[in-house]
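Geometric and topological summary
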Amino acid sequence: MNVALLSQLRDDLARAQYSLNGLAALWGATAEGARRRGVFAPARRVLAGRDQSPLVTLGRLFLLGEAVSTEALDAALPALGSAGASELGLVASDGDARLRAALSLNPVALVGEAAERAAERAAERGGSAEWWILSDLDDELRGGPARPDHVMGVGGATRTLIAQLPSVAGGSALDLGTGCGIVAMHLAELGAERVVATDISERALTLAAANAELNGFAGSIEFRQGNLFEPVAGEAFSLVVSNPPFVITPRSEDEGARYDYRDGGMTGDELAATVVRTAPSHLAPAGALVCLANWETEWGGRGLERVRGWILDAADRSGYALDAWVIERDRVDTVQYAETWARDGGARPGQSEFDGMLAAWLDDFGSRHVVSVGLGAIHVRRATFAAGPHAQLASVIHVDQATGALAAQGLGPALSATFAAGIAAERASDAEVLATRWVRADDVREERIHTPGEESPSAIALVVDSPIGRRVAADTLLAAAIGACDGDLTLQQIADALATLLEVDQAAASEALVAGARELAWLGMLAAPGGSAR
């Protein structure tokens, strides 16, 4: 895209105060909330009584799907003008001497640690803690099926991925399957010295490069076209991040209707498996992979164990010992899954197209005896010690169903701290776990249920909100032990004291608390000294 025109667009958008705060002030928080859910009537109702202004025109055009006159757009974008907007592909004539949005142009709030850094930068040197993101129009504004090379904007999955990013300051980062480029920009904002963004789609790379230019990241990100890891053959990174086109899609479907942004063209969950199996070979020492994925569960099988197999394969291929944490956030049956993605392609129940797509999906799942699909995140770290041919045996892989709410703030650092604590507890011997002076996380709570008139509780639960909302049943021994974990006493000392107090066998108490400490470390409730107790 034309750099000079993008610079003019950036100046015009800043001048119009085209931002989330500006829009919320324009039509109110209620209408803005409805707009983000794809309901435009409240905002349109407010604007019907407002005088024309650059922000009103831009809101109507890009966010509410309305046509505007050439004169109104010229006034809203005085530097770029309607001619420049047309040249950039932002607008197109609706055939009635008016212009409609041809691309989405959304103000987007930053996520996680990058939001904090951008806010600090904005306070010190001016600028904005928001970005403007170009992408293809979404369902509500498009009015028809998406094009096969559709470039998505910033959805919930992308925000979840960004929020989980660990620190990469000073390292190198790869955004595999960059799409609109927002993950790559977050990596640059987080201080990565080198960011490479790849995609198989030329259209995606064009829009990603435009977004980088529009938001001041020109020269900070290297864009390369190619399939999966082909553009970075032989290279290693401190962090590999990917929200790949992991949607499980029937291969019997017309390939011409395939969507690049969601479907990698492989059978079942093989694309996600390929990413996980290959990425560790591109990790620098102590490097990390964070990716989203979908995985199949066959009849009588466990999808999480399937992912464990991918990681063991990766350790075998790379020769590195790998620490891994697989987090299944949801599990849906095959009918729900098929319905979701048939709708995403623009089909609706009652249409023959929808019924045909649903049948194709169910036939595809049936051919592999798949009964459900897991959705979640995969975190992998290259261990810091040499493993060689024994990489599989030296690897630690923790699989986890965790459907609780994610921490609203500081998710990435909290996940990293919990990951480190879990791995440390897993690799430690029983004697080492008992010799550790564990520290309880600050936000751990204890909840007790009492039957009226009875002194002892009928149930005890330990609860934590970060990094993932958890609730775990505990007995009196474990509850008392975690209450004493303030870093002063070793777990062995705590076990001995409680065994005497509760009149239980000391060896049995120690054994139970070793298992409890390992579990609570993975839940973000315990950390070793020097780790994060948040």
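Below you will find a few notes about this structure. As the structure is a computational prediction, the values presented were derived from the model and not from experiment. (Residues numbered from 1 in each chain as written. Predicted model: local features only at pLDDT ≥ 70, side-chain atom pairs only at ≥ 80, totals over all residues. Heavy atoms only, no water.)

By the burial criterion, the buried members of helix α14 (residues 334-344) are T334, Y337, A338, W341, A342 and D344. Viewed along the axis of α14, the buried residues span an arc of 155°, placing them on a single side of the element. Contacts made by the buried residues of α14 are with α8 (139-142), β10 (283-298), β11 (322-333), α15 (352-367) and β12 (370-382). (Buried < 20%, exposed > 50% of the residue type's maximum accessible area, 1.4 Å probe, protein only. Helix = DSSP H or I, 4+ residues; strand = E, 2+ residues; numbered from the N terminus. Arc of directions from axis to C-beta. Contact = heavy atoms within 4.5 Å.)

On to the pairing of strand β16 (residues 459-464), then. Burial analysis of β16 places 5 of its 6 residues in the buried class, the great majority of the element. By the bridge criterion, 5 bridges tie strand β15 (residues 445-449) to β16 in an arrangement that is antiparallel. When the bridges of β16 are listed, E446 appears paired with L462. Across 5 bridges, the pairing between β16 and strand β17 (residues 470-474) is antiparallel. Paired with V463 across the two strands is R471, which belongs to β17. Hairpin connection from β16 to β17: 5 residues lie between these consecutive antiparallel strands. (Pairing = 2+ DSSP bridges.)

Here we come to the sheet that holds β16. Pairing is antiparallel in the open sheet, where 3 strands are placed in the order β15-β16-β17. Of all the strands in the sheet, just β15 and β17 have a single pairing partner and so form its edges. Strand-to-strand, the axes of this sheet are offset by a mean angle of 25°, without reference to chain direction. Each of β15, β16 and β17 is contacted by helix α19 (residues 476-484), which is oriented at about 40° to β16, the strand it contacts most. (Axes fitted to C-alpha atoms, helices over the stretch in contact; angles between N-to-C directions.)

Among the nonpolar cores identified, the biggest contains 85 residues, and L9 and L90 are the most heavily contacted of them. With near-sequence residues (within four places) excluded, L9 lies in contact with L77, L80, L88, L90, L105 and L214. Among the nonpolar cores identified, the runner-up in size contains 34 residues, and A428, W438, A441 and L477 belong to it. (Core = buried A, V, L, I, M, F, W, Y, C linked by side-chain atoms within 4.5 Å.)

An α-helical turn contains 3.6 residues, so any two residues separated by three or four positions project in the same direction. Taking 1.5 Å per residue, 13 residues should reach 18 Å; helix α1 (residues 3-15) reaches 18 Å between its end C-alpha atoms and fits that length. On its buried face, α1 sits against α4 (54-63), α5 (70-76), α6 (81-87), β4 (104-109), β5 (130-135) and α11 (202-214). With a side-chain oxygen lying 2.9 Å from the backbone nitrogen of A4, the N-terminal cap of α1 falls on N2. After α1 finishes, the residue Q17 shows a positive phi value of roughly 55°. (Expected span 1.5 Å × (residues − 1). Polar contact = N/O pair within 3.5 Å; in protein donor to acceptor, adjacent residues only side chain to side chain.)

For the pair α1 and α11, the least separation of the axes is 9 Å and the interaxial angle reads 55°. In terms of their interaxial angle, α1 and α11 are classed as oblique. In this structure, the crossing between α1 and α11 has a hand that is right-handed. Of α11, the residues touching α1 (which contributes V3, L6, L9 and R10) are A210, E213 and L214. The class makeup of the residues in the contact of α1 with α11 is 5 nonpolar, no polar and 2 charged. (Parallel < 35°, antiparallel > 145°, perpendicular 65-115°, else oblique. Left-handed = near helix turned anticlockwise from the far one by under 90°. Nonpolar A, V, L, I, M, F, W, Y, C, P; charged D, E, K, R; others polar.)

What we call a disulfide is simply a covalent bond connecting the sulfur atoms of a pair of cysteines. The final tally for this structure, using the stated rule, is 0 disulfides. Cysteine C180 remains unbridged, with the sulfur of C291 as its closest cysteine sulfur at 18 Å. The buried category is assigned to C291, whose relative accessible area is 1%. (Disulfide = S-S within 2.5 Å.)

Working definition: an aromatic ring pair is given by the centre-to-centre distance plus the angle between the planes. Going through the model one piece at a time under the given rule, you end up with 6 aromatic pairs. Within the aromatic cluster, the residues linked to one another by ring pairs are W325, F419 and W522. The ring of Y320 is capped by R382, whose NZ or CZ atom sits 3.5 Å from the centre of that ring. (Phe/Tyr/Trp six-rings, centres within 6.5 Å; stacked < 30°, edge-to-face > 60°. Lys NZ or Arg CZ within 6 Å of the ring centre and 35° of its normal.)

Moving on: the pattern of salt bridges. The full count for this structure, using the stated rule, is 24 salt bridges. Residues R368 and E296 are paired through a salt bridge, measuring 2.5 Å at the closest nitrogen-oxygen approach. Of this pair, R368 sits in the loop between α15 and β12 while E296 sits in strand β10; the two residues are 72 residues apart in sequence, bridging distant segments of the chain. Here R368 and E296 have matching classes, each one buried. Three or more residues joined by partner-sharing salt bridges are found here, namely R194, E222, R224 and E235. (Salt bridge = Lys/Arg side-chain N within 4 Å of Asp/Glu carboxyl O.)

Trans peptide bonds make up the majority, and among non-glycine residues the majority have a negative phi. Between S466 and P467 the backbone carries a cis peptide bond, its omega angle lying at 0°. Within the secondary structure layout, P467 lies in the loop between β16 and β17. In this model, Q17 sits at a positive phi of 55°, which is unusual for a non-glycine residue. Along the chain, Q17 turns up in the loop between α1 and α2 (20-36). Of note in this structure, H369 is not a glycine but carries a positive phi near 60°. Inspection of the secondary structure puts H369 in the loop between α15 and β12. Among the residues examined, H369 registers a relative accessible area of 56% and is labelled exposed.

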